[in-house]
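Chains, contacts and geometry: an overview
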Amino acid sequence: MPVSRDIMRMYRAPRRVTRALYAMGPREDRAIMWLMIGCFLVFLSRLPALQRMAVETGTDFQRDTVYAFFSLLFIAPLLFYAIAFILYGVTRLLRPAATVYGARLAVFWGWLAATPLALFYGLLVGFNGLDHPGTALVGALWLAALIWFWINGLIETSKKI
């Protein structure tokens, strides 16, 4: 099934999508691909905000773009591995059938699945700025969707088989 179709299905039935992805077996290459694509899409979502900041404050757009690229494609993946490990530990306490790969799948796939909202949020930050109520609402929706995907993914991947 194409990734874009799975992302759209994730907003309706997150557990069913996560269950299907987890049933494919542990594939680290696929998990890291989801993480890296998600980080790249979030980097793209930052570009309108970086351009707005450069126009308003006179900062260097190219320098800020390089910093955002480096932080989102080199530093953020390491943080997501740490988040997945911490969530694995918490999930393992509550559900002994939890696996490290299941936690990584839930975190990385949830991150990728939430990127449509991230792209919309980035566009709104570029057009309206951070202090607009619509921008704050979409940012809150993005965060809520991300947490919802993570929780449902962790529940689904830690079930006893």
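Thresholds applied
Residues numbered from 1 in each chain as written. Predicted model: local features only at pLDDT ≥ 70, side-chain atom pairs only at ≥ 80, totals over all residues. Heavy atoms only, no water. Helix = DSSP H or I, 4+ residues; strand = E, 2+ residues; numbered from the N terminus. Rg over C-alpha atoms; globule rule 2.2 N^0.38 Å. Buried < 20%, exposed > 50% of the residue type's maximum accessible area, 1.4 Å probe, protein only. Phe/Tyr/Trp six-rings, centres within 6.5 Å; stacked < 30°, edge-to-face > 60°. Core = buried A, V, L, I, M, F, W, Y, C linked by side-chain atoms within 4.5 Å. Contact = heavy atoms within 4.5 Å. Arc of directions from axis to C-beta. Expected span 1.5 Å × (residues − 1). Bend = angle between axes of the 7 residues up to and from the residue.

**Topic: the overall build of the protein chain**
- When helices and strands are tallied, the protein chain shows seven helices and zero strands.
- Written out in order from the N terminus, the α and β elements of the protein chain read α-α-α-α-α-α-α.
- The C-alpha radius of gyration of the protein chain comes to 17 Å, within 12% of the 15 Å expected for a compact globule of 161 residues.
- Along the first, second and third principal axes, the C-alpha set of the protein chain runs to 55 × 30 × 30 Å.
- Relative to its full complement of 161 residues, the protein chain shows a buried share of 43%.

**As for the packing of aromatic side chains**
- Under the counting rule described, the total for this entry stands at 13 aromatic pairs.
- Seen in terms of ring centroids, Tyr11 and Phe149 are 5.1 Å apart; in terms of plane orientation they differ by 80°. Their pairing is edge-to-face. Taken together, the residues span a long stretch of sequence, with Tyr11 in the loop between helix H1 (3-10) and helix H2 (14-23) and Phe149 in helix H7 (residues 133-157) at a distance of 138 residues.
- A relative accessible area of 35% places Tyr11 in the partly exposed class.
- Take Phe149: its relative accessible area is 2%, and that puts it in the buried class.
- Connected via pairs of aromatic rings, a cluster forms that spans Phe40, Phe43, Phe69, Phe70 and Phe74.

**Considering the nonpolar core**
- Within the largest apolar cluster, 33 residues are counted, with the highest numbers of intra-cluster contacts made by Cys39, Phe80, Trp109, Trp111 and Trp142.
- Counting only elements with at least two residues in this core, the list comes to H1, H2, helix H3 (28-57), helix H4 (61-94), helix H5 (100-113), helix H6 (115-128) and H7.
- With sequence-adjacent residues up to four places away left out, Phe80 is seen in contact with Leu35, Cys39, Val107, Phe108, Trp111 and Trp150.
- Ala98, Ala103, Ala106 and Leu154 belong to the second-largest nonpolar core, a separate cluster that totals five residues.

**Brief notes about H2**
- For H2, the set of buried residues is Pro14, Val17, Thr18 and Leu21. The arc enclosing the buried residues of H2, seen along the axis, measures out at 95°, which places them on a common side. Those residues of H2 that are exposed and angled more than 90 degrees off the buried face are Arg16 and Ala23.
- Contacts made by the buried residues of H2 are with H1, H3, H5 and H7.
- Looking at the residues trailing H2, positive phi occurs at Gly25, about 95°.

**Some details on H3**
- With 30 residues, H3 should cover 44 Å at 1.5 Å per step; its first-to-last C-alpha distance of 42 Å lies within 8% of that length.
- Where H3 bends most, the angle comes to about 30°, and this point is Leu47, followed within four residues by the proline Pro48.
- Turning to H3, its buried residues number three or more, namely Arg30, Ala31, Trp34, Leu35, Gly38, Cys39, Val42, Phe43, Ser45, Ala49, Leu50 and Ala54.
- Taken together, the buried residues of H3 touch H1, H2, H4, H5, H6 and H7.

Purely geometric numbers; function is a separate question.
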